[in-house]
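Listed below, chain by chain, are the residues.
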Amino acid sequence: MRHPLDTLDWPISTDRLLLRRAAPDDLDATWAYRQLPETHEWVRAATVTYDDYRERFLRDEQLADLLIVELDGRVIGDLTLQIQDAWAQEEVADQAKGVQGELGWTLDPSYGGKGYATEAVRALIDVAFGSLGLRRLQADCFYDNEPSWRLMERVGMRREQHTVKDSLHRTRGWLDGLSYAILAEEWPASE
């Protein structure tokens, strides 16, 4: 089955950035910032060696959901959009297939504080609600990852859940978790 992101015309331009599908050639550029301590701390899977990272990065399912963020031809970050089924009762389950998505992001810290992450995530939300016709997007993070939840708030997502010590961090132990979401009808660009 074809991935929903395959149905779109790439790349997508914003005022300052270019979003495009990830390719195997992006391995080195993404490794450069993903292995930095300030990003490595929060990524879902912390690969310690380049070889481990290469193996994980080149998996088909990893590349399928990954988008690259470029600034003037330089890779400065990446985004993920995992299309998911919504929970539904059995009789209407077919109507809940592929209607929502989970967002994720990693930005090279040397480009932080300039609005690039906000611009890139807004563009991805536009794509998800516009071209892909999704109805709901959500994102999760550790409470301690303040830059991530601040970004969710900047793009208009609502905090739906604050859980107490339910999220296990690889070095910090059990931490609080946060879940944010936004509906297509709440997104300004969809009006």
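Residues numbered from 1 in each chain as written. Predicted model: local features only at pLDDT ≥ 70, side-chain atom pairs only at ≥ 80, totals over all residues. Heavy atoms only, no water.

- With an unreviewed UniProt entry as reference, the chain is termed GNAT family protein, source organism Actinoallomurus oryzae.

### Some thoughts on the overall build of the chain
- Secondary structure assignment for the chain yields six helices and eight strands.
- Counting from the amino terminus, helix and strand elements in the chain follow one another as β-β-α-α-α-α-β-β-β-α-β-α-β-β.
- For a compact globule of 191 residues, the expected C-alpha radius of gyration is about 16 Å, and the chain comes in at 17 Å, within 12% of that figure.
- Projected onto its principal axes, the C-alpha positions of the chain cover 45 × 40 × 35 Å.
- Residue pairs at least 24 apart in sequence account for 62% of intrachain contacts in the chain once pairs closer than 6 positions are excluded.
- In the form shown here, the chain has an accessible surface area of approximately 10,600 Å², with 47% of it arising from carbon and sulfur atoms.
- Charge-centre separation for the chain: the mean point of 22 positive side chains lies 4 Å from the mean point of 35 negative side chains. (Helix = DSSP H or I, 4+ residues; strand = E, 2+ residues; numbered from the N terminus. Rg over C-alpha atoms; globule rule 2.2 N^0.38 Å. Contact = heavy atoms within 4.5 Å. Areas by Shrake-Rupley, 256 points an atom, 1.4 Å probe, with all protein chains shown as cover. Lys, Arg positive; Asp, Glu negative; His and termini not counted. Charge placed at Lys NZ, Arg CZ, Asp CG, Glu CD.)

### Regarding the nonpolar core
- Leu79, Leu81, Leu103, Ile125, Phe129, Leu137 and Met157 are the most contacted members of the largest nonpolar core, which totals 38 residues.
- Listed by contribution, the elements that provide at least two residues to this core are β2 (17–21), β3 (66–71), β4 (74–84), α5 (116–129), β6 (136–142), α6 (146–154) and β8 (173–183).
- With ten residues, the single largest contributor to this core is α5.
- With residues up to four places along the chain from it excluded, the contact list for Leu103 reads Thr80, Leu81, Leu124, Ile125, Leu137, Gln138, Ala139 and Met157.
- In terms of nonpolar packing, the next biggest core, distinct from the first, is built from ten residues, Leu27, Leu66, Ile68 and Val75 among them. (Core = buried A, V, L, I, M, F, W, Y, C linked by side-chain atoms within 4.5 Å. Buried < 20%, exposed > 50% of the residue type's maximum accessible area, 1.4 Å probe, protein only.)

### Some details on α5
- The end-to-end C-alpha separation of α5 is 20 Å, in line with the 20 Å expected for 14 residues at 1.5 Å each.
- Summarising burial for α5: twelve of the 14 residues are buried, a large majority.
- Tyr116, Ala117, Thr118, Glu119, Ala120, Val121, Ala123, Leu124, Ile125, Val127, Ala128 and Phe129 are the residues of α5 that are buried. (Expected span 1.5 Å × (residues − 1).)

### Concerning the sheet that holds β2
- Strand order in the open sheet formed by eight strands is β1-β2-β3-β4-β5-β6-β8-β7, and the pairing between neighbours is mixed. Single-partner strands in this sheet number two, and they are β1 (12–13) and β7 (158–169).
- When β4 meets strand β5 (residues 100–107), the two strands line up antiparallel, connected through eight bridges. Residue pairing across strands places Gln84 opposite Gln100, the latter belonging to β5.
- Against the sheet, α5 touches β1, β2, β3, β4, β5, β6 and β8, its axis set at about 35° to β4. (Pairing = 2+ DSSP bridges. Axes fitted to C-alpha atoms, helices over the stretch in contact; angles between N-to-C directions.)

### Re unusual backbone geometry
- Between Trp10 and Pro11 the backbone carries a cis peptide bond, its omega angle lying at 0°.
- Even without being a glycine, Asp72 presents a positive backbone phi close to 50°.
- Positionally, Asp72 belongs in the loop between β3 and β4.
- A relative accessible area of 77% places Asp72 in the exposed class.
- With a phi close to 45°, Lys165 is a non-glycine residue in the positive phi region.
- Mapped onto the elements of the fold, Lys165 is located in strand β7.
- Overall, the relative accessible area of 55% leaves Lys165 in the exposed class.

### Comments concerning helix α1 (residues 27–34)
- Every buried residue of α1 is accounted for by Leu27, Thr30, Trp31, Tyr33 and Arg34.
- Buried residues along α1 sit in contact with α2 (37–40), α3 (50–57), β3, β4 and β5.

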